[in-house]
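Here are the chains, one letter per residue:
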Amino acid sequence: KGTGGAPSDKLSAAISEAFGSMDDFKSKFEAAGAPGARFGSGWVWLVVTKDNKLAITSTPNQDNPLMEGVEGTPGIPILGCDVWEHAYYLKYQFRRPDYIKAWWDVVNWKQVSGWYADALAGKAPTTV
């Protein structure tokens with residue numbers, strides 16, 4: 001299991017407001033990454049929209065929510081799950097849903113919470 005802890009109180013409250021609960025959020029996020037929702041390669045994202053609300057979106061291939069004209073909901077990404085086969089095939093083969101469920105164990109919520117605070121101020125994440 002990961003050591004990323006839990007979302008900050010502020011992010012946790014925003015998740016509950018947007019999706020009902022953390023469990024509901026995870027279910028909706030996992031559904032957005034399922035093969036029927038995101039065919040082929042791509043990503044699933046938690047984004048902060050221009051009105052500072054949270055949304056789940058997915059993008060094909062290498063696209064991301066910061067790109068102009070992106071498929072899905074544009075916004076500042078604060079959490080992304082790679083659903084390209086290279087991310088999960090060796091361990092999960094064609095079981096992408098199992099991979100996404102296991103992926104939660106390695107989410108660094110402290111980092112995501114920091115990116116959420118930055119996104120509220122209009123700043124996209126960086127990895128420094």
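Residues numbered from 1 in each chain as written. Predicted model: local features only at pLDDT ≥ 70, side-chain atom pairs only at ≥ 80, totals over all residues. Heavy atoms only, no water.

### Regarding the pattern of salt bridges
Next, step 1: The full count for this structure, using the stated rule, is 2 salt bridges.
Next, step 2: Measuring nitrogen to oxygen at the nearest pair gives 3.4 Å for the salt bridge that ties Glu 17 to Lys 53. One end of the pair, Glu 17, is in helix α1 (residues 9-19); the other, Lys 53, is in the loop between β1 (42-48) and β2 (54-60), with 36 residues separating them in the sequence.
Next, step 3: The salt bridge partner of Glu 30 is Lys 101, with a shortest N-O separation of 2.8 Å. On the criterion of sequence distance, the pair formed by Glu 30 in helix α2 (residues 22-33) and Lys 101 in helix α4 (residues 96-103) is long-range, its members being 71 residues apart.
Next, step 4: Since its relative accessible area comes to 53%, Lys 101 is described here as exposed. (Salt bridge = Lys/Arg side-chain N within 4 Å of Asp/Glu carboxyl O. Helix = DSSP H or I, 4+ residues; strand = E, 2+ residues; numbered from the N terminus. Buried < 20%, exposed > 50% of the residue type's maximum accessible area, 1.4 Å probe, protein only.)

### A look at helix α5 (residues 109-120)
Next, step 1: Taking 1.5 Å of rise per residue, 12 residues should cover 16 Å, and α5 covers 16 Å from first to last C-alpha, within 8% of that figure.
Next, step 2: Those residues of α5 that sit buried are Trp 109, Val 112, Ser 113, Trp 115, Tyr 116 and Ala 119. One side of α5 holds all its buried residues, which, seen down the axis, span an arc of 160°.
Next, step 3: The opening residue of α5, the one whose side-chain oxygen lies 3.2 Å from the backbone nitrogen of Lys 110, is Asn 108. (Expected span 1.5 Å × (residues − 1). Arc of directions from axis to C-beta. Polar contact = N/O pair within 3.5 Å; in protein donor to acceptor, adjacent residues only side chain to side chain.)

### Quick notes on the sheet that holds β1
Next, step 1: Read across the sheet, 3 strands follow the order β2-β1-β3 without closing on themselves; strand pairing throughout is antiparallel. The strands lining the two open edges of the sheet, one partner per strand, are β2 and β3 (76-82). Here the strands of the sheet are splayed against their neighbours by 25° on average, with no regard to which way each runs.
Next, step 2: As defined by bridge partners, β1 adjoins β3 across 6 bridges and the pair is classed as antiparallel. Bridge pairing in β3 places Val 44 opposite Cys 81.
Next, step 3: α1 rests against β1, β2 and β3 of the sheet, and its axis sits at about 80° to β2. (Pairing = 2+ DSSP bridges. Axes fitted to C-alpha atoms, helices over the stretch in contact; angles between N-to-C directions. Contact = heavy atoms within 4.5 Å.)

### Some details on the packing of α1 against α5
Next, step 1: The geometry of α1 relative to α5 is characterised by a closest axis approach of 9 Å and an angle of 75° between their N-to-C directions. By the criterion of interaxial angle, the relationship of α1 to α5 is roughly perpendicular. Taken together, the residues of α5 that come into contact with α1 (itself represented by Lys 10, Leu 11, Ala 14 and Ile 15) are Trp 109, Val 112, Ser 113, Tyr 116 and Leu 120. (Parallel < 35°, antiparallel > 145°, perpendicular 65-115°, else oblique.)

### Section: the nonpolar core
Next, step 1: One finds Phe 25, Phe 29, Leu 46, Leu 54, Ile 78, Leu 79 and Trp 109 to be the most contacted residues of the largest nonpolar core, which totals 27 residues.
Next, step 2: Sorting the residues of this core by element identifies α1, α2, β1, β2, β3, α4 and α5 as the ones contributing at least two each.
Next, step 3: It is α5 that provides the largest number of residues to this core, a total of 5 residues.
Next, step 4: Those residues within four positions of Leu 46 in sequence are excluded, and the remaining contacts are Phe 19, Phe 25, Phe 29, Leu 54, Ala 55, Ile 56, Ile 76, Pro 77, Ile 78 and Leu 79. (Core = buried A, V, L, I, M, F, W, Y, C linked by side-chain atoms within 4.5 Å.)

### So, α2
Next, step 1: Here α2 is 12 residues long and its end C-alpha atoms lie 17 Å apart, about the 16 Å a rise of 1.5 Å per residue gives.
Next, step 2: By the N-cap criterion, in which a side-chain oxygen at the helix start approaches the backbone nitrogen of a residue two or three places on, α2 is capped by Ser 21, the distance to Asp 23 being 3.4 Å.

### Considerations on unusual backbone geometry
Next, step 1: The backbone of Asn 52 sits at a positive phi, close to 65°, despite the residue not being glycine.
Next, step 2: As for its position among the elements, Asn 52 is in the loop between β1 and β2.
Next, step 3: Asn 52 gets classed as partly exposed once you look at its relative accessible area, which sits at 36%.

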